[in-house]
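# Breakdown of the fold
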Amino acid sequence: MRRLYSVRFWVDREEEGAAPRFRTVADACLRWGTDPRRFPGEIDSGGAGTPFRQIPRTESQGSRFEALVDDTEAPTEWGLKLSHVDRVDEDIRWTTELSARREMDGRVDFLCVVYVGRDGQRVAPIDRDPAAPKIVRELIHSFPCRVDRQLSMISRPLAPENTLAFVDFLRSPDRRLPIIFLSAQNRGDRPLADPEAIASWVGGLAHCYHATTRFTSRTLEDRHLLPHHLNAWDGAVRIYWPQFSYQDDPYHHRMWSPRSVEASRARMHFEILHPVSLAAAPVFERNAPSWPTLERSVRRREFEKKGADAGAWAKLCEQEAQSMEQENQQLTKTNVDLEAALSEAKSQLHDLERRCEGLQASLIEVQKTRAQPLDEQLAPEDLSEAVARAEALYPAELTLALNGASEVRGNPFERPLEALQALEFLAHVWRPMKLGTSAKSVDLDIELRERCGWKYRSSQSEQTMKKYRSEYTTTVDGKIFWLGPHIATRSAKDPKHSLRIAFNWDERCERVVVGYIGQHQRTDAS
């Protein structure tokens, strides 16, 4: 059997006068496990005062159910095991194990593990998505459950004024669960994906937040709370793993671009649940209460009670041997499934390698026919020549409409080739993205940094732009363009090493309007 899903959390102790939490959680799980639709006959849960007594294996309509409780006077552990066939393929069987342990402080340590595997001898990959059993959602809805903070099946709204508290939790060394952040679209101020559907599926495994407005992402960046390359915007969705750091590689915290979210919107909850569940499973099971542990504990007590009776001892040894044989058979089946999956993965890898070889050959042919790259051409002598060359090279892509605040002629900037490469980025990367003709979704900041070491910003402070309008606007054919998007060097002060290019999009002409080239534009601070 292959483990597909695992979640562990703590149910807070009950309030004064309430029913014992250990019992109420067990009752909820028992009602779920003995659903009359699976087991039409009533299953006796045992006497009062214990969560439920040991229930022998019960089978009905292809489903199997059994329950265990430690048989001490004040039980501290219980578990149940439910198994049923797949709705589509009767050869596939799902097994869910629930187990709980009462802690000294009154809390209940709860674990749920879901396995999937084949009953028969058929060998084929099992393509099934992870799923949270209904009982997990029911417990989180009904009881105060927590890991690093209280869990919720509802996405938490994130407004611009709450971003500081959000980042404090994001960076907290005590955070144990991932954070799912759904940014808002620039048009409409709503996430592309459904935050409630995602929160419901990842409940217990991650905390889900959704931006209430597009200004949430902008505030995170403008207040320097989150670096641009680790942010999410315009409907993008991102996972932030625990132990988050500003120095992390952006690829470590997986992001789905707005286009990717749009393409897989109906399956977005599966897309997110799969990596979260896969990462959480081995961590959550350490030192946790579990069905196999409880099963061994119950058998050990039986050994101790009936050790003097040779016949009972022999019977228990036989049961132990049968149990170990069943575990061995399950491991054998799991090994067969893994070998089949590995074979399929190797086949896919071989196909990808062949495609990669073909693409590399095509790339070599294209490179042979391309014009000489910018960094191999004769570098422009100054910024003025770089701008003139860009205007000549990209007449269909760029409109140079520099405002009066721009400084090109006589500018002391000492790396004019970088400026030409930056303008090439606007023509060959930013423009296709606006047209929707880009071959793939790219991180603009990373792409620009790899080309010339500059940084990309999608907007500027609206208040500052309005206050210093002459520096943040330009005019083309009587139309005013606000220069929010900009690219700049990473140096801040020295004019020999500092340059900024501000621009916007002319939808009518389908060109990039470059309206400002010079040093840092005026702000209240400067």
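It should be noted that the structure appears before, not after, this text.
Residues numbered from 1 in each chain as written. Predicted model: local features only at pLDDT ≥ 70, side-chain atom pairs only at ≥ 80, totals over all residues. Heavy atoms only, no water.

Turning next to the overall build of the protein. Along the backbone of the protein there are 14 helices and 19 strands. Contacts in the protein between residues at least 24 apart in sequence constitute 65% of all its contacts with a sequence separation of at least 6. For the protein, the accessible area works out to roughly 27,700 Å², and carbon and sulfur atoms hold 49% of it. (Helix = DSSP H or I, 4+ residues; strand = E, 2+ residues; numbered from the N terminus. Contact = heavy atoms within 4.5 Å. Areas by Shrake-Rupley, 256 points an atom, 1.4 Å probe, with all protein chains shown as cover.)

One open sheet accounts for 5 strands, arranged β13-β19-β18-β17-β14; its pairing is mixed. The open sheet is flanked by β13 (398-400) and β14 (455-457), the only strands paired with a single partner. Adjacent strand axes in the sheet meet at a mean angle of 25 degrees, parallel and antiparallel pairs treated alike. The pairing of strand β17 (residues 486-488) with strand β18 (residues 500-506) spans 3 bridges and is classified as antiparallel. Looking at the pairing, His486 lines up with Ala502 of β18. Sheet strands in contact with helix α12 (residues 444-452) are β14 and β17, and its direction is about 150 degrees off that of β14. (Pairing = 2+ DSSP bridges. Axes fitted to C-alpha atoms, helices over the stretch in contact; angles between N-to-C directions.)

Attention now goes to unusual backbone geometry. If you check the backbone angles, Gln243 has positive phi at about 65 degrees while not being a glycine. With respect to the element layout, Gln243 can be found in the loop between β11 (237-240) and β12 (255-256). On the basis of relative accessible area, Gln243 is assigned to the exposed category, the value being 54%. The residue Asp477 is not glycine, and still its phi comes out positive at about 50 degrees. By secondary structure assignment, the location of Asp477 is in the loop between β15 (473-476) and β16 (479-482). Of the residues examined, Asp477 reaches a relative accessible area of 70% and is grouped as exposed. (Buried < 20%, exposed > 50% of the residue type's maximum accessible area, 1.4 Å probe, protein only.)

The next subject is the pattern of salt bridges. Evaluation of the coordinates by the stated rule reveals 22 salt bridges. The residue Arg146 makes a salt bridge to Asp12 at a minimum N-O spacing of 3.1 Å. Taken as a pair, Arg146 in strand β7 (residues 145-146) and Asp12 in the loop between β1 (2-11) and α1 (21-33) lie far apart in primary sequence, 134 residues in all. Note that Arg128 and Asp86 form a salt bridge whose closest N and O atoms lie 2.9 Å from each other. Of this pair, Arg128 sits in the loop between β6 (108-118) and α2 (134-142) while Asp86 is found in the loop between β4 (77-85) and β5 (92-102), placing the two residues 42 residues apart along the sequence. What you see here is one network of salt bridges that share partners, running through Arg8, Arg101, Glu103 and Asp109. (Salt bridge = Lys/Arg side-chain N within 4 Å of Asp/Glu carboxyl O.)

If you walk across this open sheet you meet the 7 strands as β2-β3-β4-β5-β6-β1-β7, and the pairing is antiparallel. If you trace the sheet from one side to the other, it starts and ends with β2 (55-60) and β7, each paired once. Here β1 runs beside β7; their pairing, made up of 2 bridges, is antiparallel. Bridging from a neighbouring strand, Trp10 pairs with Arg146 of β7. Its contacts with the sheet put α1 on β1, β2, β3 (63-69), β4, β5 and β6, and the angle it makes with β4 is roughly 15 degrees.

Here the focus is the pairing of β6. By the criterion of burial, β6 is predominantly enclosed, with 11 of the 11 residues buried. Across 9 bridges, β1 lies against β6 in antiparallel orientation. Bridged to Arg3 within β6 is Tyr115. Sheet topology places β5 next to β6; 11 bridges connect them, and they run antiparallel.

Contact geometry for helix α10 (residues 383-393) and helix α11 (residues 416-435): axes closest at 8 Å, N-to-C directions at 25 degrees. Considered as vectors, α10 and α11 are oriented roughly parallel to each other. Of the two elements, α10 crosses α11, and the hand of that crossing is right-handed. In this structure, α10 contributes Leu383, Ala386, Val387, Arg389 and Ala390 to the contact, and α11 contributes Pro416, Ala419, Leu420 and Leu423. For the contact of α10 with α11, a count of residues per class yields 8 nonpolar, no polar and 1 charged. (Parallel < 35°, antiparallel > 145°, perpendicular 65-115°, else oblique. Left-handed = near helix turned anticlockwise from the far one by under 90°. Nonpolar A, V, L, I, M, F, W, Y, C, P; charged D, E, K, R; others polar.)

In this section: the packing of aromatic side chains. Across all of its chains, the model carries 11 aromatic pairs by this definition. Taking 6.1 Å as the distance between ring centres and 90 degrees as the angle between the ring planes, the aromatic pair formed by Phe244 and Tyr246 counts as edge-to-face. Taking relative accessible area as the criterion, Tyr246 reaches 23% and is therefore assigned partly exposed. With centroids separated by 6.5 Å and ring planes inclined at 65 degrees, the aromatic side chains of Phe425 and Tyr456 adopt a geometry described as edge-to-face. Of this pair, Phe425 sits in helix α11 while Tyr456 is found in strand β14, placing the two residues 31 residues apart along the sequence. Neither Phe425 nor Tyr456 differs from the other in exposure class; each is buried. Taken together, the ring pairs connect Phe166, Phe181 and Tyr209 into an aromatic cluster. Above the face of the Phe22 ring, Arg102 is positioned so that its terminal group lies 5.0 Å from the ring centre. The positively charged end of Arg137 is found above the aromatic ring belonging to Trp201, 6.0 Å away from the centroid. (Phe/Tyr/Trp six-rings, centres within 6.5 Å; stacked < 30°, edge-to-face > 60°. Lys NZ or Arg CZ within 6 Å of the ring centre and 35° of its normal.)

Restricting attention to buried positions, one finds in helix α4 (residues 195-202) the residues Pro195, Ile198, Ala199 and Val202. Viewed end-on, α4 has its buried residues packed into an arc of 100 degrees, placing them on one side of the element. Between a side-chain oxygen at the N-terminus of α4 and the backbone nitrogen of Glu196 the separation is 3.1 Å; the capping residue is Asp194. Count one or two residues on from α4 and you reach Gly204, which has phi positive near 90 degrees. (Arc of directions from axis to C-beta. Polar contact = N/O pair within 3.5 Å; in protein donor to acceptor, adjacent residues only side chain to side chain.)

This brings us to helix α3 (residues 163-170). Where α3 is concerned, the buried positions are Thr163, Phe166, Val167, Phe169 and Leu170. The buried residues of α3 occupy one face: seen down the axis, they fall within an arc of 160 degrees.

For the rest of this paragraph, the subject is the nonpolar core. Phe9, Trp78, Ile180 and Ile272 are the most contacted members of the largest nonpolar core, which has 61 residues in total. Among the elements that line this core, the one with the most residues is α1, at 7 residues. Excluding anything up to four places from it in sequence, Ile180 contacts Ile198, Ala206, His207, Cys208, Tyr209, Val237, Arg238, Ile239, Ile272 and Val276. One finds Ala422, Ile487, Trp505 and Ile517 within the second-largest nonpolar core, a separate group that totals 31 residues. (Core = buried A, V, L, I, M, F, W, Y, C linked by side-chain atoms within 4.5 Å.)

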